[in-house]
Amino acid sequence: MSISTTNESGRYPAWPPEGPSRAPYWSFVDPSIYQREQEKIFRGSAWHFLGLEAEVPEPGCFKTNRVGDTPVVLTRDQDGILHAVVNRCAHRGNIVCREELGKAESLYCVYHAWAYNLKGDLTSAAFRRGIRGEGGLPEDFKLEDHGLQKLRVESFCGLVFGSFDHKIMPLTEWMGEVGDGIRRTLPRPLKVLGYDTQRIHANWKNYHENPRDSFHANILHTFYGTFGLSKQSQESAMVLDRAGRHVYFYTKMGTDRDDATYKQTASNLRSVKSDFSLRDRQLLDWTDEFGDGINIQILSLYPSFVLHQISNNLATRQLVTYSPTLCDLHWTYFGFEDDTPEMTDRRLFQQNLVGSAGLVSMEDASVCEMIRRSLGDKPEGSSFMQMGGKDLNSGGSSKLSERALRNFWNTYRGQMEL
Ligand code: FES
Ligand SMILES: [Fe+2]
């Protein structure tokens, strides 16, 4: 069901009458929209990626991260239970945990030595009783009133998520049918291989849209079309969860049906007309490790998470926001604990395709930044997303469709009350 096209708040221009098949450009640049996103989406009712269980494998391990622009820390307590808290001291707001990854018995604020246990409860405050009868905190001060703000935490197939909404539906219910795509790609315990952070001078939604529109792969990405990793003529599909929040796409290399209709359109594509070749074809050395013929699966969870399998390269991508026109994309590369050294080498070699300088991935961030440059600060107009139809269900499971985008904007408008 499509939501209303009237802007009840009256604070913003009305949404275009076509509803979710258009997104007004002001929503990509308006600072008050950005603030509203932080409140209603990032600190609102949604599950957000916090890290891999493999990054906090033992009691005392922690990982710092951000949900939107709120700093958080993921911990594993002495009983092995995962927790997440806002990484902001309850005293005067200092960052408590300053390292990206580590192990500690408690979380200690360097400013005035307030210390918290791994659940985020305040356990001590320096000079609480004063000295020689002077200073100190009031008699009615209670440690239990001053803990770090807690998130609800759940994990699924080694991925850990948190939410500021303690009443949100369980994580597996939130993921719906798209959870099957995660189960398929993460069947065994994970092993982290490395990290990469990519600064993108664009609105976070520009990047979030990108893996939801799978047909750009054969158009924008010269490497894909030229070397056959992803083409519109291959067997492929799109799977959306019933609520329309999340999506994954897959493609099967080697199933090409380059018939007349494909050839007619593809002959004009920049990506297909290229005369590039590879001296070392090792980059194309893919092994069907999941046994289903799928060489690319890109999975996108609302609002800011991607899980990819590109050949044998596996990674999570998380968007962290800074302003309406600035975000970071955090890439975490991983394999499985039981990988052979040869498989680890293959995954690492294929890293040349992805990340900030990847032969494929660099084009995605470039396009987002080009859109940012085109929009300026007070853009008029809206984007147009009617490939495969105009409404939320049209387009079916075809990759040649913007159905997943229409569903994203529908979910977004619902949460933002726009
Ligand atoms: S701000 Fe953390 S102890 Fe003062
Ligand atoms: Fe792309």
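Residues numbered from 1 in each chain as written. Chains lettered and ligands numbered in written order. Predicted model: local features only at pLDDT ≥ 70, side-chain atom pairs only at ≥ 80, totals over all residues. Heavy atoms only, no water.

A. Region of interest: the domain arrangement of the protein chain. With domains assigned, the protein chain is organised as domain 1 (48–157) and domain 2 (186–416). Relative to domain 2, the C-alpha centre of domain 1 lies at a distance of 36 Å. With 11 residues of domain 1 in contact, the opposing surface of domain 2 contributes 14 residues. Taken over both partners, the interface formed by domain 1 and domain 2 buries close to 1,100 Å², and the fraction arising from carbon and sulfur atoms is 59%. Among the residues domain 1 hides against domain 2, the three largest losses belong to Phe49, Leu52 and Arg66. Together they make up 45% of the total. The interface formed by domain 1 and domain 2 includes 0 salt bridges. At the junction of domain 1 and domain 2, the tally comes to 7 residue pairs in polar contact (both at pLDDT 80 or more). Ranked by residues supplied to the side of domain 1 that touches domain 2, first place goes to strand β2 (residues 48–52) with 3 residues. Considered class by class, the residues forming the side of domain 1 that touches domain 2 number 5 nonpolar, 3 polar and 3 charged. (Domains from an automatic or database assignment. Contact = heavy atoms within 4.5 Å. Buried area = accessible area lost by both parts, 1.4 Å probe. Salt bridge = Lys/Arg side-chain N within 4 Å of Asp/Glu carboxyl O. Polar contact = N/O pair within 3.5 Å; in protein donor to acceptor, adjacent residues only side chain to side chain. Helix = DSSP H or I, 4+ residues; strand = E, 2+ residues; numbered from the N terminus. Nonpolar A, V, L, I, M, F, W, Y, C, P; charged D, E, K, R; others polar.)

B. Structural detail: the nonpolar core. Of all hydrophobic cores here, the largest spans 80 residues; its most connected members are Phe161, Ile182 and Tyr412. Top contributing element to this core by residue count: strand β18 (residues 326–336), with 6 residues. Among all residues touching Tyr412, those that are not within four sequence positions of it are Trp15, Ser27, Ile33, Glu37, Ile41, Trp204, Lys205, Tyr302 and Leu418. Of all hydrophobic cores here, the second largest spans 16 residues; its members include Val85, Val96, Cys109 and Trp114. (Core = buried A, V, L, I, M, F, W, Y, C linked by side-chain atoms within 4.5 Å. Buried < 20%, exposed > 50% of the residue type's maximum accessible area, 1.4 Å probe, protein only.)

C. Representation of helix α10 (residues 362–375) within the structure. Between the first and last C-alpha of α10 there are 20 Å, a value that for 14 residues agrees with the 20 Å anticipated at 1.5 Å per step. Of all the residues in α10, the buried ones are Glu363, Asp364, Ala365, Cys368 and Leu375. In this structure, the buried side of α10 is in contact with β12 (190–200), α4 (204–209), α5 (217–220), α6 (222–227) and α8 (270–273). (Expected span 1.5 Å × (residues − 1).)

D. How the structure looks around the sheet that holds strand β10 (residues 150–156). Spatially, β2-β11-β10-β5-β4-β3-β6 is the arrangement adopted by the 7 strands of the open sheet, whose pairing is antiparallel. Taken across any chain shown, the strands that pair with only one partner, and hence form the sheet edges, are β2 and β6 (101–103). Each adjacent strand pair in this sheet contributes to an overall mean axis angle of 30 degrees, direction not counted. Bridging between β2 and strand β11 (residues 159–163) involves 4 bridges; their strand directions are antiparallel. (Pairing = 2+ DSSP bridges. Axes fitted to C-alpha atoms, helices over the stretch in contact; angles between N-to-C directions.)

E. Main features of the coordination of the iron ion (ligand 2). Ligation of the iron ion (ligand 2) by protein atoms is provided by His216 (NE2), His221 (NE2), Asp364 (OD) and Asp364 (OD), these donors lying 2.1 to 2.6 Å from the ion. Every donor counted, the 4 donor atoms about the iron ion (ligand 2) form angles of 53 to 142 degrees at the centre, which fits irregular coordination. Sequence positions of the donors to the iron ion (ligand 2) reduce to the motif H-x4-H-x142-D. On the basis of relative accessible area, His216 is assigned to the buried category, the value being 14%. (Donors = N, O, S within 2.8 Å, 3.2 Å for Na, K, Ca; no water. Tetrahedral: all angles 85-135°; square planar, octahedral: opposite > 155°, others 65-115°.)

F. Region of interest: unusual backbone geometry. In this structure, the amide linkage connecting Tyr302 to the following residue, Pro303, adopts the cis form with an omega of 0 degrees. Following the sequence through the fold, Pro303 ends up in the loop between β15 (296–301) and β16 (305–310). Residue Ala113 is not a glycine yet carries a positive backbone phi of 65 degrees. The residue Ala113 is located in the loop between β7 (107–108) and β8 (115–116) in this model. Located in the positive-phi region is Arg132, a residue other than glycine, with phi close to 50 degrees. Among the secondary structure elements, Arg132 is positioned in the loop between β9 (122–124) and β10.

G. Quick peek at the pairing of β15. Among the 6 residues in β15, 6 count as buried, and that is most of the element. Along β15, one buried face is formed by Ile296, Ile298 and Ser300 and the opposite face, lined by Gln297, Leu299 and Leu301, is buried too. Examined bridge by bridge, strand β14 (residues 247–251) and β15 share 5 bridges and lie antiparallel to one another. Looking across to β15, one finds that Phe249 is bridged to Ile298. Counting the residues that bridge the hairpin from β15 to β16 gives 3 residues.

H. Molecular detail of the packing of aromatic side chains. Considering all chains together, one arrives at 18 aromatic pairs under this definition. The interplanar angle of 70 degrees and the centroid separation of 5.1 Å between the aromatic rings of Phe42 and Trp204 together place this pair among those described as edge-to-face. Linking Phe42 in helix α1 (residues 31–42) with Trp204 in helix α4, this pair joins segments that are 162 residues apart in sequence. Look at Tyr302 and Phe408: their rings are 5.8 Å apart centre to centre, the planes differ by 50 degrees, and that puts the pair in the tilted class. Placement of Tyr302 in the loop between β15 and β16 and of Phe408 in helix α11 (residues 403–416) is noted, with a sequence separation of 106 residues between them. Like Phe408, Tyr302 is buried. Connected via pairs of aromatic rings, a cluster forms that spans Tyr12, Trp15, Tyr25, Trp26, Phe28, Trp174, Tyr302, Phe408, Trp409 and Tyr412. Between the NZ or CZ atom of Arg199 and the centre of the ring of Tyr322, over which it lies, the distance is 4.9 Å. It is Lys205 that lies over the ring of Phe28; its NZ or CZ is 5.3 Å from the centre. (Phe/Tyr/Trp six-rings, centres within 6.5 Å; stacked < 30°, edge-to-face > 60°. Lys NZ or Arg CZ within 6 Å of the ring centre and 35° of its normal.)

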